[in-house]
Every structure is written in C-alpha cells, then in structure tokens.
Amino acid sequence: MVPFPGRDLLGDAYAAEPVAVVVDRSGGDADAVVSGLQARGWTVRRVDLSGSPAAFDGETTELESVLAQHLQGRVDLCVSLLDGDTWDAGVRQVAETILVAKHAHAALTETAEAGSRAGFVTVTRLDGGVGLRGGRPAAEALAGGVGGVVKTLAREATGVFCRALDVDPDVDRDDFVAALLGEIADAATDTAEVGVDVAGARWTVVPGEFRFAVAQREEIGGDVPDIGVDAGDTLVVTGGARGVTALCVRALAQHTEAAFVLLGRTALADEPSWARGVTDSELKAAAIEDITAGGERPTPREVERRYRDQIAQREIRATIEAVRRAGAEADYIAVDVTDSDAVSTALAPLRDRITGVVHGAGVLADAYLTDKTGDEIHRVFQTKLTGLRTVLDVLDATIRCATWCCSRPSPVCSAMRARRTTRRRTRRCAGSRRAGSGSAPTATSRRSTGARGTAGWTTSTPAVCGCWIPRSVPRRSSSSSARSAPTTCARWWVRTSRCRQETRARWPQLGRGNLLGRRREPPRGGATHVMRGAAFTSRVNQLRLAGARLPARACSYVPAPLDSGAWRNQG
Ligand SMILES: NC(=O)c1ccc[n+]([C@@H]2O[C@H](COP(=O)([O-])OP(=O)(O)OC[C@H]3O[C@@H](n4cnc5c(N)ncnc54)[C@H](OP(=O)(O)O)[C@@H]3O)[C@@H](O)[C@H]2O)c1
C-alpha cells in the first residue's frame, strides 16, 4: 500500500440530472449513500440484494433479470455496496458484482460514448486498504477481491470511470458518504483501487516485491532468497502435481528441504499394459488398439479420455520423481479440494506435520464480463475459493504460511502492458501469512517464527483476480494521453530538470516524450480542460506511485478552461 494523493474533484463530472443505480445488501450505509446522492440531485434506482441465498450456487436467472431491468436505459453511475463478513457472503457478493458489471457495461458505455462521465464504483468497509492491510481475518477481507472485477471492467469498457473504494469501518457514516461522493468525481481515472483510512487519508496498491522478501534481502545483503521453509516443513500443494504449480513445486524442491504433499483430482494407478513403454505421441493409437482388442468400438471420446488420463498420470509421476531427485520428499493424494469431507479424510492424518499450504488448484473459464455466466463463475470460485477454504478449515490450526496462485495485471500498467501480461499469463503468488495473530483463519504457530516476523493474511484480492483476466485488452494509444496532458504540466517538467531526470530514471516509458514533452503553449483544438485535467492527474499519480518525489505544485490542477489564461499561473 502506498499513500495516494488527495482527490482532484471535477465539478461537472457527470451529465445534468444524472441517474445512479445503487446495488446494496440493505445495510445502513446504503440508505446514507442513496440519500447523499439524492441530496446532490441524483435520481437513484436501488437494487436490494439482501434476499440473495446465503451461498452462491451459480443459479443466477432471477438475479440477472433484476439487474438487467434496473440497468437498462440511462445510467450515469453504478454503485455496488458490499458488506460480506463471512466467507460465503464474500464469495457471493463478489460473484454478484461480476454480474452487476456485466449488466452495467452496455448502459455505462453508452453514457460514456455520449460524452459525459459514466462511473462504476464498488464500495467495501474492510480496513481502508482494500483488504490488504493484514489485520482482518481472510473471510472478512475476501470482498476485497471485488477490485479484480473493477480492474477488468476498466479494461473492457475503456471509457468508463471504474473504482474499487474501501473505507475503514471506523470512518463515520457522514464521512464515508462524503468520501464516496468525492471519489466518484475524482479527476484521476486510471487508479482502480483506493482505500480511505480512519484519518481520511487515501491509499492505493502498487505492484512490488512482497515486503518479507525485501526485508529478508536487506537483512541478508545479497540476492539469495530465503524462502522461509526448511527441512522441518511439510507443504500441502493443491494442484501441485500438474501444470504451472508443479513447475513451482519442482523449483521449490531445488531450494528447500521441505516435504511436499501434492493434491489433485486425477487418480494415480500403475500404468496399464497397453500404455507401458509407449511414447506420449503414440498413446492414442495404443488406446485404440487396446479397445479394439477388447472387442469394443473405439469412440473418439473414450480414446481421448484414456489419453488424457495417462498424460495426466505421467505428469504427476514426473513431478514426484523430479521432487524426489531434488532431495525432497513428495507424496500425492487424489482428492477434489471442493469436497470438504474427502479433504478432511485425506489430510487429517497428516495434520500434525503440515506447516504450510500452496493453493494452486484452479479451473479456467475465461470470458469477457459481458459473456460471463453464473455457472462459470461458480465453477471457478468453487476451486479457487471454496477449495482454499476447505483446505484451510482442516489445517488452520497447524499451518504457519500459505500462498496462493493467481494472475493479475498490474494496477498501474498501461493497457498494452496489461495485455502482454495477460498473454503471458503471469503467475503471481500473492498472500502469505506468518503465525501469531490469533483469530481464524490466522493460526498459532507450532514453533517460533523468530526473525521472520509476523503478519496476518496479506490478501485475498489477487486470488480472486486471477479468475477475471480478460482474454485480450483493448489497445490504447499511449501518445493520445501524452497529447492530452495539459500545457501547465509540460511547462513544469521542462523547468525542473532534476525532477525530470529522476522521473525518466524511474519511469522510462513515460520519459519518452509523454509528460516530458516540450510543448509550451496550450494545445489548440477541441478537447476540454476536464479531460486534460484527468489525464494530468492520472499521469502525476502514476509517477508518484512509481516512486518519483514530485513537488506539490507539479501535481496541482486548476480546473479552468485553457483559454481562460489560468494555466499561465501554474508552474
Ligand atoms: N498456466 C498459467 O500460465 C497460469 C497463469 C496464471 C495463473 N495460473 C493459475 O495457476 C493455477 C494452475 O494453473 P495451470 O495452468 O497449471 O492449470 P492446470 O494445468 O489446469 O492445472 C490445474 C491443477 O489444479 C488441479 N485441480 C483442478 N481442480 C481441482 C480440484 N477441484 N481439486 C484438486 N485439484 C484440482 C489439477 O489437477 P487435476 O486435474 O488432477 O485435478 C491440476 O493439477 C490456476 O489456479 C491458475 O489460475 C496459471
């Protein structure tokens, strides 16, 4: 988390007589938000989802018809208020918010294309740090995953102002409403997640190395990563025998002497005689031969099933062998992590020796938000979230560290970079905890963590984000935002060469003529000062987030038309 500059409010951000749709769960905050908007001249349509079933089961026909009904016609702003403080409520509300985004997409895009602001804002009351501060139990912070929905919508509906706002629960209701009303009119458009702490200060998340890794490297004074697990550890790795998680397990085994218990649904058996000694590429032919020899007709489905099963088992055996070759212990258990009884039965005998969990099991159902179905969301969440919960429920009292695997584009990267990131399907392991903070699911360590320090769960957000990366991200010309940067800003940069050098060094992409252009006169032509202001604020925020120390004046924006001459007084 890094401090985020104060808001630059746009007085005329939305069209006249704006319409807001507020989706809520009937909390007191919702009444206050609706009244606050109405007091500012908004017409509010309210969707009360308090009657939704406790757990999300993928059946969304009724919900989607209610959302479609409320989100048709003119919509300037869609606000989704989340208040889930249990695991099931968190999962359900994040899933519902995906569907809210799905149905809001068309109406908001239409408003944006008509030339005024269209906003999609989610609101949580987690910790004023989008659930990443580590002070809340994971179940309560789970709703922070809604930031993934917001970031996805921002990429799929590029004209829509998207923001995930999290306000500390101790902020009183009036200040909370004021924060929300300010946030929807913020000039900065490209920061998706903003937290407001109890003092009213704003925070956001920047990608970077996990703070323990940084601290350890500084302590060690070199590049040698101390990954914090050793011969005394046994790690349960869901999905760890196949796919990208298996590669991570192999790498981990090279660097630690920990033991591994790998979980997957594929049952492991001795290789059947028809497959023995047969190469992967010849497996299908061998399967056909075997089926035919048994007097049956080989259907493509049966051949494919046999082939996939053997390939999966070979991959599992190869992982186990590689781990053992590296000198670590490896066991494999066939179990579906969404089946709590089966997980409990499988892991209970090992509970005393297991010290950590890596949750890599996942299924993909990638689709644009507008194509999402309740069933797909349910399938992905079942493995990613319910599966994680199931494993933690069994092991919670004994583990001292946990990591889960997901992918997410950086919150401040350009659309182009995000697309590249997505294409590479960068795997991010996010979230780790050390023992010591007590409440569920924070566990008590079986042994001292010594110099490693303590922390709560770091995040549930990235784990959820992993489900929502769009297949492709629309390309946006980087030069268009450069052109729209206000002249006042350009003049400032030209004059402060030290600042420019520092910025170039830290953020080379922006150094190539974007903000640092030498234009001294106001650009001619049609764009309004509002958009220039928004682009300016966004750029400055990006620089600050990248670590540039910018003088306060460089970051001020005066909302006056460029032809008024007010810009001349800047910088
Ligand atoms: N591949 C990438 O480039 C990439 C990038 C970013 C993030 N990720 C994330 O990394 C994780 C693994 O991805 P992958 O591409 O390696 O996928 P994968 O090849 O399909 O592997 C998924 C693994 O999860 C296991 N699994 C799935 N559902 C399970 C369940 N209900 N219970 C137990 N095990 C289950 C699978 O084993 P069985 O089939 O035997 O059950 C398999 O070992 C996913 O969470 C994914 O979202 C992957």
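The following paragraphs examine the structure supplied in this document. (Residues numbered from 1 in each chain as written. Predicted model: local features only at pLDDT ≥ 70, side-chain atom pairs only at ≥ 80, totals over all residues. Heavy atoms only, no water.)

## Focus on the overall build of the protein
So, point 1. Tallying secondary structure elements over the protein gives 19 helices and 14 strands in all.
So, point 2. With the model as given, the accessible surface of the protein reaches about 25200 Å², and the carbon-plus-sulfur share is 49%. (Helix = DSSP H or I, 4+ residues; strand = E, 2+ residues; numbered from the N terminus. Areas by Shrake-Rupley, 256 points an atom, 1.4 Å probe, with all protein chains shown as cover.)

## Examining the nonpolar core
So, point 1. One finds Phe120, Leu347, Phe381 and Leu395 to be the most contacted residues of the largest nonpolar core, which totals 66 residues.
So, point 2. Looking at this core, the element that brings in the most residues is helix α3 (residues 87-113), giving 12 residues.
So, point 3. Counting residues in hydrophobic clusters, the runner-up holds 31 residues, among them Leu37, Trp42, Phe161 and Leu165. (Core = buried A, V, L, I, M, F, W, Y, C linked by side-chain atoms within 4.5 Å. Buried < 20%, exposed > 50% of the residue type's maximum accessible area, 1.4 Å probe, protein only.)

## Quick notes on helix α12 (residues 374-395)
So, point 1. Its 22 residues give α12 an end-to-end C-alpha distance of 30 Å, which sits within 8% of 32 Å, the value for a rise of 1.5 Å per residue.
So, point 2. Of all the bends found along α12, the most pronounced is centred on Gln382 and spans about 45°. (Expected span 1.5 Å × (residues − 1). Bend = angle between axes of the 7 residues up to and from the residue.)

## So, the pairing of strand β10 (residues 259-264)
So, point 1. Among the 6 residues in β10, 6 count as buried, and that is most of the element.
So, point 2. Alternating positions in β10 separate into two faces, Ala259, Val261 and Leu263 on one and Phe260, Leu262 and Gly264 on the other, with burial throughout.
So, point 3. Bridging between strand β9 (residues 234-238) and β10 involves 5 bridges; their strand directions are parallel. Bridging across to β10, Val236 finds its partner in Val261.
So, point 4. For the crossover that starts at β9, traverses helix α8 (residues 243-255) and ends in the parallel β10, the hand is right-handed.
So, point 5. Sheet analysis places β10 next to strand β11 (residues 330-334), joined by 5 bridges and oriented parallel. (Pairing = 2+ DSSP bridges. Right-handed = clockwise from strand over helix to strand, strands pointing away.)

## Brief notes about the pairing of strand β4 (residues 77-81)
So, point 1. With 5 of 5 residues buried, β4 lies mostly within the body of the structure.
So, point 2. Residues Leu77, Val79 and Leu81 of β4 are buried on one face, and the alternating residues Cys78 and Ser80, pointing to the opposite face, are buried as well.
So, point 3. Inspection of the sheet shows β4 paired to strand β5 (residues 119-124) by 5 bridges, in the parallel sense. Within β5, the residue paired with Ser80 across the bridge is Thr122.
So, point 4. Crossover connection from β4 via α3 to parallel β5: handedness right-handed.

## A look at the packing of α3 against α12
So, point 1. Contact geometry of α3 with α12 gives a least axis separation of 11 Å together with a crossing angle of 155°. What the angle tells us is that α3 and α12 run roughly antiparallel. Relative to α12, the crossing made by α3 is right-handed. Residues Trp87, Val91, Val94, Ala95, Ile98 and Leu99 of α3 lie in contact with α12, whose contacting residues are Ile377, Phe381, Leu385, Thr386, Leu388 and Arg389. (Axes fitted to C-alpha atoms, helices over the stretch in contact; angles between N-to-C directions. Parallel < 35°, antiparallel > 145°, perpendicular 65-115°, else oblique. Left-handed = near helix turned anticlockwise from the far one by under 90°. Contact = heavy atoms within 4.5 Å.)

## Side note on the environment of Arg136
So, point 1. Position of Arg136 relative to the elements: it lies in the loop between β5 and α4 (138-141).
So, point 2. Judged by its relative accessible area of 24%, Arg136 is partly exposed.
So, point 3. C-alpha separation for the pair Arg136 and Leu126, spaced 10 residues apart in sequence, amounts to 7.7 Å.
So, point 4. Leave out the neighbours within four places in its chain, and Arg136 touches Arg125, Leu126, Asp127 and Pro169.

## Thoughts on the packing of aromatic side chains
How two aromatic rings sit relative to each other is set out by the distance from centre to centre and by the angle between their planes.
So, point 1. According to the stated counting rule, one finds 1 aromatic pair in the structure shown.
So, point 2. Judged by centre distance (4.9 Å) and plane angle (65°), the ring pair of Tyr14 and Trp42 falls under edge-to-face. With a gap of 28 residues between them, Tyr14 in the loop between β1 (2-4) and β2 (19-24) and Trp42 in the loop between α1 (28-39) and β3 (43-48) connect regions that are remote in the sequence.
So, point 3. Residue classification places Tyr14 among the buried positions, given a relative accessible area of 14%.
So, point 4. Across the ring face of Phe161, the terminal group of Arg117 is positioned such that the distance to the ring centre comes to 4.0 Å.
So, point 5. Geometry around Tyr307 places Lys284 over its ring, the cationic atom sitting 4.8 Å from the centre. (Phe/Tyr/Trp six-rings, centres within 6.5 Å; stacked < 30°, edge-to-face > 60°. Lys NZ or Arg CZ within 6 Å of the ring centre and 35° of its normal.)

## Some details on the sheet that holds strand β8 (residues 202-204)
So, point 1. Read across the open sheet, the 8 strands follow the order β1-β8-β7-β6-β5-β4-β2-β3; overall the sheet is mixed. Bordering the open sheet on either side are β1 and β3, each of which pairs with just one other strand. For this sheet the average axis-to-axis angle between neighbouring strands, irrespective of direction, equals 25°.
So, point 2. Most of the contacts of α1 go to β3, to which it runs at about 165°, and overall it touches β2, β3 and β4.
So, point 3. Most of the contacts of helix α5 (residues 146-156) go to strand β6 (residues 161-167), to which it runs at about 165°, and overall it touches β5, β6 and β7 (193-196).

## Overview of the pattern of salt bridges
So, point 1. Counted according to the given criterion, the structure contains 26 salt bridges.
So, point 2. In this structure, Arg202 and Asp186 form a salt bridge, with 2.9 Å as the shortest nitrogen-oxygen distance. Remark: Asp186 occurs in the loop between α6 (173-183) and β7 and Arg202 occurs in strand β8; sequence separation between them is 16 residues. Exposure class is identical for Arg202 and Asp186. Each is buried.
So, point 3. In this structure, the salt-bridge partner of Glu304 is Arg308, at a minimum N-O distance of 3.0 Å. With Glu304 and Arg308 both in helix α10 (residues 300-325) and 4 residues apart, this pair spans about one turn of that helix.
So, point 4. Judged by relative accessible area, Glu304 falls into the partly exposed class, the value being 27%.
So, point 5. Through salt bridges that share partners, Arg7, Arg163, Glu183, Asp186 and Arg202 make up one connected network. (Salt bridge = Lys/Arg side-chain N within 4 Å of Asp/Glu carboxyl O.)

## Here's the deal with unusual backbone geometry
So, point 1. Here the phi dihedral of Glu17 falls at roughly 50°; this positive angle occurs in a residue that is not glycine.
So, point 2. Mapping Glu17 onto the fold places it in the loop between β1 and β2.
So, point 3. Using a relative accessible area of 67% as the deciding quantity, one classes Glu17 as exposed.
So, point 4. Here the phi dihedral of Val130 falls at roughly 45°; this positive angle occurs in a residue that is not glycine.
So, point 5. With respect to the helices, strands and loops of the structure, Val130 is situated in the loop between β5 and α4.
So, point 6. On the basis of relative accessible area, Val130 is assigned to the buried category, the value being 4%.

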